[in-house]
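Remarks on the overall topology
For reference, the chains in residue letters:
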Amino acid sequence: MIDDDVACVDALRHLRDHGWVAFEGMGPGPGPVEALADRIGYVRRTLFGDIWEMTAGAGDHKDSAYDPVALDVHTDGTYSNDAPGTIVFSQQAKDGSGGDSVLVDGFAVARDLFAADPEAADLLTRYEIRGRYLEPGVAVHADRVPIRFDADGVLCQVSFNNYDRAAVLPADPHVDAVLDAYAAFRSMANEPDRAVHLRWEPGRMLVVDNWRMLHGRTDYTGHREFLGCYTNHEDLEGAYELAGLTPGA
Ligand SMILES: [Fe+2]
């Protein structure tokens, strides 16, 4: 598939239209991960490295993704001023059950929150939430509004991660209202009807637009291994442009 230009345009179109695209029958190892990232732009190096390994219980990082519990839906990199644009996942091994990926369209959540509670949604466009990541040798944070519009008024990014949210907001009389709005977003994002579940098998790969989609995971038993990487969002937008696909859903 990766060598097939037409198939790649179809995959990019699915990614643009739905915020994610999945593949089957991909080979093992880092090669397909890098090749897929190269179709978008290039592998982005982060505190997790270039192409990262995620193995059950490995404890390589102080990140909840490395534990077998269910993961609430979230976006990655809320602690980065430039959150990763896409996440590429590739399952390498599996022995056990559960662990489906759960995908939720964050743009739809934002739009529905505007319809249901415009004041809450508006607060999330104006008040920055701090994302924080700490582990030995790493201390990073970033402040960003959870619902971000570009200069043309187009919804361009959602940032939501209750695991990496800093505990203390700057002193502000609106803190309680902002936290209530954040909770309202979370509650809406967790409505079961919104979730797309993807079951994993070795050879399957998934690319997620991390500026639009929230991702989570059901709990699981047994052993499983993933490889993955990040790419930049401007490269994704460039890939759409080069493929003749108008950016934006
Ligand atoms: Fe994540």
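None of the values given here were measured: they were computed from a predicted structure.

A short note on the coordination of the iron ion
Distances from the iron ion to its protein donors, His74 (NE2), Asp76 (OD) and His215 (NE2), fall at 2.1 to 2.2 Å. Read in sequence order, the donor residues for the iron ion give the motif H-x1-D-x138-H. Of this pair, His74 sits in strand S3 (residues 71–74) while His215 sits in strand S12 (residues 213–217), placing them 141 residues apart in sequence. There is no split in this pair, since His74 and His215 are both buried.

Thoughts on the domain arrangement of the protein
You'll often see interface size given as the accessible area lost when the parts meet. Domain boundaries in the protein define domain 1 (5–104 + 202–242) and domain 2 (105–189). Put simply, the middle of domain 1 and the middle of domain 2, counted by C-alpha atoms, are 22 Å apart. Contact with domain 1, which involves 26 residues of that partner, is made by 28 residues of domain 2. A combined buried area of about 2,100 Å² lies between domain 1 and domain 2, and 53% of that area is made up of carbon and sulfur atoms. Three residues stand out in domain 1 for area buried against domain 2, namely Thr78, Tyr79 and Trp211, and they jointly supply 31% of the buried area on that side. Residue Arg186 pairs with Asp72 through a salt bridge whose shortest N-O separation is 2.7 Å. For the interface between domain 1 and domain 2, the tally reads 12 residue pairs in polar contact (both at pLDDT 80 or more). Of all the elements in the fold, those that place two or more residues in the side of domain 1 that touches domain 2 are S3, strand S5 (101–105) and S12. When residues in the side of domain 1 that touches domain 2 are grouped by element, the largest group, 4 residues, is from S3. Each residue belonging to the side of domain 1 that touches domain 2 can be placed in one class, and the counts come to 12 nonpolar, 9 polar and 5 charged.

Cut-offs used in this document
Residues numbered from 1 in each chain as written. Predicted model: local features only at pLDDT ≥ 70, side-chain atom pairs only at ≥ 80, totals over all residues. Heavy atoms only, no water. Donors = N, O, S within 2.8 Å, 3.2 Å for Na, K, Ca; no water. Helix = DSSP H or I, 4+ residues; strand = E, 2+ residues; numbered from the N terminus. Buried < 20%, exposed > 50% of the residue type's maximum accessible area, 1.4 Å probe, protein only. Domains from an automatic or database assignment. Contact = heavy atoms within 4.5 Å. Buried area = accessible area lost by both parts, 1.4 Å probe. Salt bridge = Lys/Arg side-chain N within 4 Å of Asp/Glu carboxyl O. Polar contact = N/O pair within 3.5 Å; in protein donor to acceptor, adjacent residues only side chain to side chain. Nonpolar A, V, L, I, M, F, W, Y, C, P; charged D, E, K, R; others polar.

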